[in-house]
Amino acid sequence: MLNYIIWNPDIYFFQIGNWGIRWYSICWLIGLVGAYFMVRWLFYHQNIAVRTVMVNGKKQEENVFDPLFLYCFLGILIGARLGHCLFYQPDYFLTSGTHFLEMFIPFKNMPDGSWHFVGYEGLASHGGTLGLMLALWLYSRKYKVKLWQLLDDIAIATPITACFIRLGNLMNSEIIGKVTDVSWAFIFEKVDKYPRHPGQLYEAIAYAVIFFVGWYFYRKRKLPVGKGFYFGLCITLIFAFRFFIEYTKDIQVGFESGMLFNMGQLLSVPFVALGIWCMMRARK
């Protein structure tokens, strides 16, 4: 056991009484803010952040970047929450009106009938990706920004957010790996006393590398945005890695036991196929 990493951090970054801010929330915030400034830089670098519009016969400047963050934030949060509830726990959230309500509010109904604030426990990356894509489509229609250019810019920055979300999972000791004897195994004391693969850390490192890959193509190879290459590259690399890293993870829900491919792997396949198609389309 002395050769393994004992992992038992406080889940709260800051706490007063029963109320506190979790490390998970801080990691989400850092990831979103990092992606915000990355996309902001891309928008201004490509001269699409501000445009001139006619209002009552007069020219005015309109900033089309500022509303994007709200669209992305809501799309990711709502999509990730619904994705977890519908993909991983439909037997719980769809069996009663009370449980159905819990999908949308950060409170949990306790056995004694009271409601307890728990935050949004359970967010699925596949659902978050779908929610983000829908939000970008709505934003594109309203602000007349080319959808493929928007998807490419967001894809360059997305791995930043994904990296910090997985670090948040690590701080929560959730989405743990299978029992192993590798020397870098973590013992998640909040879970059990067995050494396990730090699957969250594997993913965080991979997503950081994927960000630098996209950045390399943008800055060094100067491949143009707007053709879908960066979007295809991002989701292909992320979900292909996600498919294989699942073999090191423990199952998240009971019904995955005995499945040839778990839910995370099954949901990754369509994204990989979409990503490959986007890159092929971009080459044409």
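Residues numbered from 1 in each chain as written. Predicted model: local features only at pLDDT ≥ 70, side-chain atom pairs only at ≥ 80, totals over all residues. Heavy atoms only, no water.

Observations concerning the overall build of the protein chain
Right, on to step 1. Counting its secondary structure elements, the protein chain contains nine helices and nine strands.
Right, on to step 2. For 284 residues, the compact-globule formula gives about 19 Å, and the C-alpha radius of gyration of the protein chain, at 21 Å, lands near that figure.
Right, on to step 3. Expressed as a percentage of the 284 residues in the protein chain, the buried residues total 46%.
Right, on to step 4. For the protein chain, restricting intrachain contacts to residue pairs at least 6 apart in sequence, the fraction spanning at least 24 positions comes to 63%.
Right, on to step 5. Of the roughly 15,500 Å² of accessible surface on the protein chain, a fraction of 65% belongs to carbon and sulfur atoms.
Right, on to step 6. Counting 26 positive and 18 negative side-chain charges, the protein chain places the centres of these two groups 15 Å from one another. (Helix = DSSP H or I, 4+ residues; strand = E, 2+ residues; numbered from the N terminus. Rg over C-alpha atoms; globule rule 2.2 N^0.38 Å. Buried < 20%, exposed > 50% of the residue type's maximum accessible area, 1.4 Å probe, protein only. Contact = heavy atoms within 4.5 Å. Areas by Shrake-Rupley, 256 points an atom, 1.4 Å probe, with all protein chains shown as cover. Lys, Arg positive; Asp, Glu negative; His and termini not counted. Charge placed at Lys NZ, Arg CZ, Asp CG, Glu CD.)

Quick look at the nonpolar core
Right, on to step 1. Of all hydrophobic cores here, the largest spans 50 residues; its most connected members are F43, L68, L136, Y139, L150 and I154.
Right, on to step 2. Among the elements of the structure, α1 (23–45), α2 (68–87), α5 (125–143), α6 (147–172), α7 (199–219), α8 (229–245) and α9 (263–283) are those that each provide at least two residues to this core.
Right, on to step 3. Sort the elements by how many residues they give to this core and α6 lands first, with 10 residues.
Right, on to step 4. Split by domain, the residues of this core number at least three in each of domain 1 (1–20 + 145–283) and domain 2 (48–143).
Right, on to step 5. The contacts of L136, once residues within four sequence positions are left out, are L68, C72, L147, L150, L151 and I154.
Right, on to step 6. In terms of nonpolar packing, the next biggest core, distinct from the first, is built from six residues, W7, M171, I176 and F188 among them. (Core = buried A, V, L, I, M, F, W, Y, C linked by side-chain atoms within 4.5 Å. Domains from an automatic or database assignment.)

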